[in-house]
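Residue strings, one per chain:
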Amino acid sequence: MSFSPLVEQLLESLRVLPGVGPKTAQRMALHLLERERDGGRRLSQALTEAIERVGYCERCRTLTEEIQCGVCQDPRRDSALLCVVESPADMLAIEQAGGYRGQYFVLHGHLSPLDGIGPDDIGLDQLEARLSRETVSEIILATNPTVEGEATAHYIAEHLVGREARLSRLAYGVPMGGELEYVDGGTLSRAFQGRQPFSSE
Amino acid sequence: MTPQPAYLLHKRPYRETSALVDVITLEHGHIRAVAQGVQRAGSKSRAKLQPFAPLHLTWIGDGDLKRLRMMETTQSAVLLAGEGLLCGLYANELLTRALPVGLPTGDLFAIYAWTIERLTRPAERATSLRRLEITLLEALDAEPIFLETDDSPLDPSTRYTYVAESRRFRPIGAQHPGWDGRSLKLLARGDWDASGLAGLSKALTRAALAPLIGNQPLRSRELMQRLSQRRRQGRA
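- Identification of chain B as DNA repair protein RecO from Salinicola corii is taken from an unreviewed UniProt entry.
- UniProt, in its Sequence similarities (unreviewed entry) section for chain B, records the words "Belongs to the RecO family."

- In the annotation of an unreviewed UniProt entry, chain A is listed under the name Recombination protein RecR and assigned to Salinicola corii.
- The record held by UniProt for chain A lists under Function (unreviewed entry) the comment "May play a role in DNA repair. It seems to be involved in an RecBC-independent recombinational process of DNA repair. It may act with RecF and RecO."
- Chain A has a UniProt comment under Sequence similarities (unreviewed entry) that states "Belongs to the RecR family."

Written as structure tokens, this is what we have:
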């Protein structure tokens, strides 16, 4: 037996979500139709609205339905600090970690020559235009510590040579609560190179 | 199978939590495989399976696409940064593009390992990349043959162009811009590192590699060219 066309269509559509296979899609669809019609209605409204209205912030390129996102509009944030990240999820992670009060720029990816992703695909023109408009004293290159993330940081740094802004890169370190024995060699050797003066205050 | 020494050349996400990987191995050359579960958040293999890190791998499967079974790292990855990293990406892109899957490649693995070690030192980047390119050409039986197109020896006083199809050189007279026979004869003796020949050996390996990498340009080379162009503009 197969479901009616509309239900089948719903199953098919649910499978665009990450981690959702045929079984999960079926469970979700039956749950919405049999027990949670209100929730389903809210879901479909929220989905339609978000897909229609959410775009990129014109200043930092994160996801927002406004012209500028909340962080960019916030006058208490330090606009002399600019943190360059690969994705909106990275930006959120830094925000949740707390302690950073500057601005952001989201690349939506990283340079990956072997996948054909070049400088034009990660909004570097927009970053340059922004740096020409605004005074920034420090640019924090917070791309991932992967080969592609490092290459991206290097490329951006080379691109910005000659500008006033100071460039910095996130430090490598041993994770909190981690044990040296189990930390991978690369992280450990970089954490060793980047060791800090000890103070017991 | 006994674990094979290997290096990851390229990894791209496949399905939810897996990755398609290109690796170069000691005895089996270029292998393409599915690495299951490596993209899962918190996967231990995720951090291990990185380019420029010496790996030991086993896999199963008879077709062109294998399935990775076991993976271990022996030492930590070569710490490439900046331009050295871009050179490393170039080496990886070149091998993934030019090497057919499953062709045993002789010395190429050892030369690759030797090359990426040397990319950390700016002065040795160009010569080690040339060495890798020449070993690659030899592995594919595509290295230049230092003879004229009719198999007569090169004349030191004339100039030549490279003919990719016959892998030989065609004389174009002493007045035309081209490669001079005297320098080519030096390269023929294996003096690829000789000072003053860096430009020539770079151009020649590029001409010899061109038919092997197809129509699409190498993106990592473009990236380096854009940066150096920009550096020149900045200075001007």
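Focus: the sheet that holds strand β5 (residues 138-141) of chain A
Residue and element names in this part refer to chain A.
Point 1. Taken in spatial order, the four strands make up an open sheet running β4-β3-β5-β6, and their pairing is parallel. Strands at the two margins of the open sheet, each flanked by one partner only, are β4 (102-106) and β6 (166-169). Adjacent strand axes in the sheet meet at a mean angle of 25° when their direction is disregarded.
Point 2. Contacts from helix α5 (residues 88-97) reach β3 (78-85) and β4, with the element oriented near 160° to β4.

Topic: the sheet that holds strand β4 (residues 55-60) of chain B
Strands pair in a sheet through their backbones, by hydrogen bonds, and they do so in one of two ways: parallel or antiparallel.
All names here are of chain B.
Point 1. Read once around its circumference, the closed barrel built from five strands follows the order β1-β2-β3-β5-β4, with strand pairing classed as mixed. Direction aside, neighbouring strands of the sheet carry axes that sit 50° apart on average.
Point 2. Pairing between β4 and strand β5 (residues 65-73): six bridges, direction antiparallel. Residue pairing in the sheet places H56 in a bridge with E72 of β5.
Point 3. Here helix α2 (residues 82-98) sits on the sheet and contacts β1 (4-14), β2 (18-25) and β3 (29-35); the angle it forms with β1, its principal contact strand, is near 85°.
Point 4. Strand contacts of helix α3 (residues 108-118): β1 and β2, with the helix running at about 75° to β1, the strand carrying the most contacts.

Structural notes on helix α2 (residues 22-35) of chain A
All names here are of chain A.
Point 1. Taking 1.5 Å of rise per residue, the 14 residues of α2 would be expected to cover 20 Å, and the 20 Å separating its terminal C-alpha atoms lies within 8% of that figure.
Point 2. The set of residues buried in α2 consists of A25, A29 and L32. Taken down its axis, α2 places every buried residue within 65° of arc, on the same side. Opposite its buried face, α2 presents the exposed residues K23, R27, E34 and R35, each directed more than 90 degrees away.

Description of helix α6 (residues 198-213) of chain B
Residues and elements named next belong to chain B.
Point 1. The end-to-end C-alpha separation of α6 is 22 Å, in line with the 22 Å expected for 16 residues at 1.5 Å each.
Point 2. The sharpest bend along α6 reaches about 25° and sits at A207, with the proline P211 one to four residues further on.
Point 3. Residues of α6 that are buried: L200, S201, L204, T205, A208, L209 and I213.
Point 4. Contact partners of the buried residues in α6: α2, α4 (125-139), β6 (159-163), β7 (168-171), β8 (179-180) and α5 (181-188).
Point 5. G214 sits one or two residues past α6 and shows a positive phi near 80°.

Conventions and cut-offs
- Residues numbered from 1 in each chain as written.
- Chains lettered and ligands numbered in written order.
- Predicted model: local features only at pLDDT ≥ 70, side-chain atom pairs only at ≥ 80, totals over all residues.
- Heavy atoms only, no water.
- UniProt positions renumbered as here; feature names shortened; annotations may be inferred.
- Pairing = 2+ DSSP bridges.
- Helix = DSSP H or I, 4+ residues; strand = E, 2+ residues; numbered from the N terminus.
- Axes fitted to C-alpha atoms, helices over the stretch in contact; angles between N-to-C directions.
- Contact = heavy atoms within 4.5 Å.
- Expected span 1.5 Å × (residues − 1).
- Buried < 20%, exposed > 50% of the residue type's maximum accessible area, 1.4 Å probe, protein only.
- Arc of directions from axis to C-beta.
- Bend = angle between axes of the 7 residues up to and from the residue.

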